[in-house]
Amino acid sequence: MRIARRLEGLVQSDIRRMTRECERVSGINLGQGICDLPTPPLVRDGAIAAIREGRSTYSFAEGTPQLREAIARKLERDNGFRADPATEICVTVGASGAFAATISALLDPGDGLLLFEPYYGYHLNASLVAGFEPRYLTLQPPDFTLREEELERAVDAKTRAVVVCTPSNPSGKMYSRKDLEALARVAQRHDLLVITDEIYEYIRYQGREHISPASIPGLRDRTISIMGLSKTFSITGWRLGYAVGPARLIGAVTLVNDLYYVCAPTPLQLGAAAGFAAPRAYFDELQSSYQRKRDILCEALSSARLPPIVPQGAYYVLADCTRFGPAQEAAMTVLDRARVASIPGTAFYRGPPGDRLLRFCFAKEDGVLEEACQRLRSI
Ligand code: GLN
């Protein structure tokens with residue numbers, strides 16, 4: 001039997017492939033962004049209690065009221081915009097589920113979708129599976145600055161949407177207010193839908209402020225904000241995310257969410273709802289603990305002569321791997337010599353710049369990260 005033409009040329013992401021390679025050599029996995037840190041007790045115990053209480057049936061397609069209400073409070077407190085929990089929030093199976101439901105609900109096959117390069121490969125490949133035509137705007141390291149004239153040029157007659165991942169996976173770029181105001185002007189001129197991915201919103205450095213695109217004047221009505229709980233509560237395997245936007249659009253997203261997934265796992269939603277009651281200090285502590293990890297890894301990469309592009313946010317660092325050859329080869333050399341897995345930059349770029357880079361993830365317990373750094377320093 002044949003496989004759908006849309007899948008031609010698509011293979012499983014290197015993000016997943018490198019995890020298998022890593023297991024083969026019993027290495028330390030700084031490849032896939034697994035985030036193996038402890039889950040906050042509030043979240044864990046909330047889910048356990050919900051299971052014990054038998055809260056094990058479907059929730060509404062848009063999620064349990066408790067979680068949507070907690071999200072609405074959090075949006076107002078931390079993201080600078082409001083959403084009606086009854087109509088403007090849909091809880092999904094991870095941020096990836098939110099992305100899939102959003103693009104299927106709001107775009108048509110053949111529509112152009114603009115990605116900033118380096119991009120998160122899942123945004124690209126999920127869009128290809130849905131039959132969209134990607135457009136690209138390559139941003140240049142180390143600052144990955146967004147220039148309005150370049151953005152304007154990257155939009156053509158078929159472009160209907162633009163994806164903004166901030167803080168970005170893999171570059172760590174955090175879009176500034178100026179970047180987002182330029183985006184707002186271009187989006188208004190061309191009537192573009194803005195789809196965000198803000199899953200790393202609490203992981204940022206040197207006190208840098210996370211600015212949600214929907215909080216920028218002119219963007220709220222044309223933006224689907226996608227956020228997730230995986231990284232904030234270290235529950236990547238729970239698969240919980242959400243989409244926020246105008247009621248009419250979220251209604252369509254919810255329709256698709258229902259058809260694809262029915263709902264996100266109910267007891268896990270209740271655990272996450274409990275997590276939002278955590279004191280503000282919990283969210284602040286995320287920043288300082290990750291900043292220390294970032295600095296430890298960047299220092300080790302420098303001593304390994306893999307010069308890092310120090311990230312502003314998220315928990316990945318891109319490093320120049322030219323010393324070990326093209327990215328795929330370099331990733332295997334680092335894995336063989338140091339038994340540390342990374343992701344070849346080719347997973348995040350279409351062309352040559354990706355061949356010079358490896359992505360390392362530092363969402364690891366300190367002891368494991370220290371050990372990985374020790375190994376990297378000696379290659
Ligand atoms: N978002 C994470 C990463 O970029 C994990 C993605 C995944 O496991 N598919 O590594």
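Residues numbered from 1 in each chain as written. Predicted model: local features only at pLDDT ≥ 70, side-chain atom pairs only at ≥ 80, totals over all residues. Heavy atoms only, no water.

Participant: Would you mind going over the environment of R280 with me for this structure?
Facilitator: Take R280: it is sitting in helix 10 (residues 280–303). Assessed through its relative accessible area of 42%, R280 is described here as partly exposed. Separated by 90 residues in sequence, R280 and E370 have C-alpha atoms that sit 28 Å apart. Other than its neighbours up to four places away in sequence, R280 contacts R77 and D78. (Helix = DSSP H or I, 4+ residues; strand = E, 2+ residues; numbered from the N terminus. Buried < 20%, exposed > 50% of the residue type's maximum accessible area, 1.4 Å probe, protein only. Contact = heavy atoms within 4.5 Å.)

Participant: Help me out: how do you make sense of the packing of helix 3 (residues 65–79) against helix 9 (residues 266–275) in this one?
Facilitator: Axis angle and axis distance: for two packed helices, these are the angle between their axes and the distance between the axes, and together they describe the pair. Relative orientation of the contacting elements helix 3 and helix 9 amounts to 30°, with a least axis distance of 8 Å. Note on packing geometry: the crossing formed by helix 3 with helix 9 is left-handed. Listed contacts from helix 9 to Q66, L67 and A70 of helix 3 are Q269, L270, A272 and A273. The residue makeup of the contact of helix 3 with helix 9, split by class, is 5 nonpolar, 2 polar and no charged. (Axes fitted to C-alpha atoms, helices over the stretch in contact; angles between N-to-C directions. Left-handed = near helix turned anticlockwise from the far one by under 90°. Nonpolar A, V, L, I, M, F, W, Y, C, P; charged D, E, K, R; others polar.)

Participant: Would you take a moment to explain a nonpolar patch on the surface for this structure?
Facilitator: Judged by side-chain polarity, I3, L7 and V129 come together as a nonpolar surface patch covering roughly 250 Å² of accessible area. Position of I3 relative to the elements: it lies in the segment before helix 1 (14–24). (Patch = residues over 30% accessible without salt bridge, like charges linked within 9 Å, V, L, I, M, F, W, Y side chains within 5 Å. Areas by Shrake-Rupley, 256 points an atom, 1.4 Å probe, with all protein chains shown as cover. Salt bridge = Lys/Arg side-chain N within 4 Å of Asp/Glu carboxyl O.)

Participant: I keep staring at the pattern of salt bridges and nothing clicks. Help me out?
Facilitator: It is possible for side chains of opposite charge to pair when their charged atoms get near one another. Applying the stated criterion to the full structure yields 28 salt bridges. One salt bridge connects E21 with R17, and the closest N-O pair in it is separated by 3.7 Å. Taken as a pair, E21 and R17 lie in helix 1 at a separation of 4 residues, close to a single helical turn. Taking the relative accessible area as the measure of exposure, E21 reaches 19% and is therefore buried. Between E148 and R189 there is a salt bridge, with its nearest N and O atoms 3.0 Å apart. Placement of E148 in helix 6 (residues 148–154) and of R189 in helix 7 (residues 177–190) is noted, with a sequence separation of 41 residues between them.

Participant: Please explain the site of the ligand as it appears in this structure.
Facilitator: The local shell around the ligand consists of I15, Q32, G33, Y120, Y122, N169, Y200, K231, Y316 and R359. G33 is positioned such that a nitrogen or oxygen atom in its backbone is 2.7 Å from an oxygen atom of the ligand. Surface burial for the ligand is 87%, taken as the share of its 290 Å² of free accessible area covered by protein chains. For the ligand, the cavity whose grid points lie within 2 Å of the majority of its atoms is the largest pocket. (Near = heavy atom within 4 Å. Polar contact = N/O pair within 3.5 Å; in protein donor to acceptor, adjacent residues only side chain to side chain. 1 Å grid on protein atoms, 1.4 Å probe; cavity = no way out; pocket = protein on both sides within 12 Å on 5 of 7 lines; lining within 4 Å. Sits in = over half its atoms within 2 Å of the grid points.)

Participant: I keep staring at the packing of aromatic side chains and nothing clicks. Help me out?
Facilitator: To describe a pair of aromatic rings, you give the distance between the ring centres and the angle between the ring planes. Here the structure, examined in full by the defined rule, presents 14 aromatic pairs. With centroids separated by 5.1 Å and ring planes inclined at 5°, the aromatic side chains of Y120 and Y122 adopt a geometry described as stacked. On the accessibility criterion, Y120 (18% relative accessible area) is buried. Ring pairing ties together the aromatic residues Y202, F233, F276, Y282 and F283, which thus form one cluster. The ring of F283 carries R77 above its face, with NZ or CZ at 5.0 Å from the centroid. The lysine or arginine in question, R350, covers the ring of Y136, its NZ or CZ lying 3.9 Å from the ring centre. (Phe/Tyr/Trp six-rings, centres within 6.5 Å; stacked < 30°, edge-to-face > 60°. Lys NZ or Arg CZ within 6 Å of the ring centre and 35° of its normal.)

Participant: Explain the sheet that holds strand 8 (residues 240–244) here, please?
Facilitator: Strands belonging to one sheet form pairs held by backbone hydrogen bonds; the direction of such a pair is parallel or antiparallel. The 7 strands are arranged 2-8-7-6-5-3-4 in an open sheet whose pairing can be described as mixed. Here the strands that pair on one side only, and so sit at the sheet edges, are strand 2 (89–93) and strand 4 (133–138). Neighbour-to-neighbour, the strand axes of this sheet turn through a mean angle of 25°, independent of strand direction. In this sheet, strand 4 lies alongside strand 3 (residues 112–117) in parallel orientation, the contact comprising 6 bridges. Across the sheet, E117 pairs through a bridge with T138, a residue of strand 4. (Pairing = 2+ DSSP bridges.)

Participant: Where do I start with unusual backbone geometry in this structure?
Facilitator: Working note: non-glycine residues mostly have negative phi, and peptide bonds are mostly trans. Residue P141 is joined to P142 through a cis peptide bond whose omega torsion reads 5°. With respect to the secondary-structure elements, P142 resides in the loop between strand 4 and helix 6. The omega torsion across N169 and P170 is 15°, close enough to zero to call that bond cis. Considering the arrangement of structural elements, one finds P170 in the loop between strand 5 (159–165) and helix 7. Residues other than glycine seldom take positive phi values, yet D191 does so here, at roughly 55°. The residue D191 is located in the loop between helix 7 and strand 6 (193–197) in this model. Classification of D191 by relative accessible area gives exposed; the value is 57%. Look at S234: it is not a glycine, yet its phi comes out positive at around 50°. Mapping S234 onto the fold places it in the loop between strand 7 (223–228) and strand 8.

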